[in-house]
Amino acid sequence: MENKWQGLPPREKLIKFGAATLSDCELLAIFLRTGTRGVHVMELSQRLIDHFGSLYRLMNASKEEFQAVGGIGLAKYAQIHAVAQLARRCFTCQEALKSHAVTSSEQMLDFLHSSLAHREREIFQVIFFDNQHRVIHTCEMFSGTINSVEVHPREIVREALKHNAAALILAHNHPSGLAKPSRADRDITQQIVRACSLLNIRVLDHIVIGRGEYVSFAELGWM
């Protein structure tokens, strides 16, 4: 049977032109390596992306959801989830931010999305900076439920003093996927700002992470 997936294979295309030139389907095909009986690996990759609707949903699908796709076994599930976890560990590694002045909001958002967007509970994370805006420490300080998290400003100040931080960025996720801040989000932000100001520690931003979206208090003029 003629293979409709003609052209340079994904692996060779990556080597020749770079990973950025590959489509989502081609990148996924490299990790899957092989298709299933009668199904080319490129066709399988496209089928998976179409079934889940996006790479994000594919990479975060449960074992049961994954097996609901006909002809897909646990081996493919393991391959995809191993890649997803490896990517998260890479982007959430503190070394990805440390020793560099954070001048790119995109860099910070990539870090926060990778560490928070997939979480099933609300996580309150704080990123601490020195006086040259270099990251010196990141910490998931509080963990909550699916729709709330209890935050203690005093603990944030204590952690900032411990690391001799001059500034910090607050961040937390909304497992619902919607990044719209609540009244409680705004209230706790102001409490933290007041507590930090007593020790000349600047709160640069509070970023709420959803799925594929975010809200920055600083961008809205709320800081």
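As a starting point, this report considers the structure included with it.

Parameters at a glance
Residues numbered from 1 in each chain as written. Predicted model: local features only at pLDDT ≥ 70, side-chain atom pairs only at ≥ 80, totals over all residues. Heavy atoms only, no water. Pairing = 2+ DSSP bridges. Helix = DSSP H or I, 4+ residues; strand = E, 2+ residues; numbered from the N terminus. Axes fitted to C-alpha atoms, helices over the stretch in contact; angles between N-to-C directions. Contact = heavy atoms within 4.5 Å. Buried < 20%, exposed > 50% of the residue type's maximum accessible area, 1.4 Å probe, protein only. Lys, Arg positive; Asp, Glu negative; His and termini not counted. Salt bridge = Lys/Arg side-chain N within 4 Å of Asp/Glu carboxyl O. Patch = residues over 30% accessible without salt bridge, like charges linked within 9 Å, V, L, I, M, F, W, Y side chains within 5 Å. Areas by Shrake-Rupley, 256 points an atom, 1.4 Å probe, with all protein chains shown as cover. Core = buried A, V, L, I, M, F, W, Y, C linked by side-chain atoms within 4.5 Å. Arc of directions from axis to C-beta. Parallel < 35°, antiparallel > 145°, perpendicular 65-115°, else oblique. Left-handed = near helix turned anticlockwise from the far one by under 90°. Nonpolar A, V, L, I, M, F, W, Y, C, P; charged D, E, K, R; others polar.

1. Re the sheet that holds strand β4 (residues 202–209)
The five strands lie next to each other as β2-β1-β3-β4-β5, forming an open sheet whose pairing is mixed. The open sheet has two edge strands, β2 (135–143) and β5 (214–216), and neither has a second partner. Adjacent strand axes in the sheet meet at a mean angle of 20 degrees when their direction is disregarded. Note that β4 and β5 share three bridges and pair antiparallel. Bridging from a neighbouring strand, Ile207 pairs with Ser216 of β5. Docked against the sheet, helix α8 (residues 153–162) engages β1 (123–129), β2 and β3 (167–173), running at close to 155 degrees with respect to β2. This element, helix α9 (residues 183–197), spans β1, β3 and β4 of the sheet and lies at about 160 degrees to β4.

2. Looking at the side chain of Glu122
Position of Glu122 relative to the elements: it lies in the loop between α7 (105–116) and β1. The buried charged residue Glu122 lacks any salt bridge, with Arg121 as its nearest oppositely charged partner at 11 Å. Beyond its immediate chain neighbours, meaning those up to four positions away, Glu122 contacts Phe142, Ser143, Gly144, Thr145, Ile146, Asn147, Ser148, Val149, His172, Asn173, His174 and Pro175.

3. Description of a nonpolar patch on the surface
Taken together, Leu161, Leu198 and Leu199 make up a surface patch of nonpolar side chains, about 330 Å² in accessible area. Looking at the element boundaries, Leu161 is found in helix α8.

4. A look at the nonpolar core
Counting 20 residues, the largest nonpolar core has Leu28, Leu32, Leu48, Phe52, Leu58, Phe66 and Ile80 as the members making the most contacts within it. Among the elements of the structure, α2 (24–32), α3 (41–52), α4 (55–59) and α6 (74–91) are those that each provide at least two residues to this core. If near-sequence neighbours (up to four positions away) are discounted, Leu32 is found in contact with Val41, Leu44, Ser45, Leu48, Lys76, Gln79 and Ile80. Counting 19 residues, the second-largest nonpolar core is a separate cluster that includes Cys139, Ile156, Leu170 and Ile192.

5. A few points about α8
Residues of α8 that are buried include every one of Pro153, Ile156, Val157, Glu159 and Ala160, and no others. Looking straight down α8, one finds its buried side chains confined to an arc of 160 degrees; they lie on one side. When the buried face of α8 is taken as reference, the exposed residues oriented beyond 90 degrees from it are Arg154 and Lys162. Where the residues of α8 are buried, they touch β1, β2, β3 and α9. Downstream of α8 by a residue or two, Asn164 has a phi angle that is positive, lying close to 55 degrees.

6. Section: the packing of α8 against α9
Two elements in contact, α8 and α9, have axes whose closest approach is 9 Å; the angle formed by their N-to-C orientations is 40 degrees. One way to sum up the angle between α8 and α9 is to call them oblique. For the pair α8 and α9, the crossing hand works out as right-handed. Judged by residue contacts, Pro153, Ile156 and Val157 of α8 engage Ile188, Gln191, Ile192, Ala195 and Cys196 from α9. Residues belonging to the contact of α8 with α9 are distributed by class as follows: seven nonpolar, one polar and no charged.

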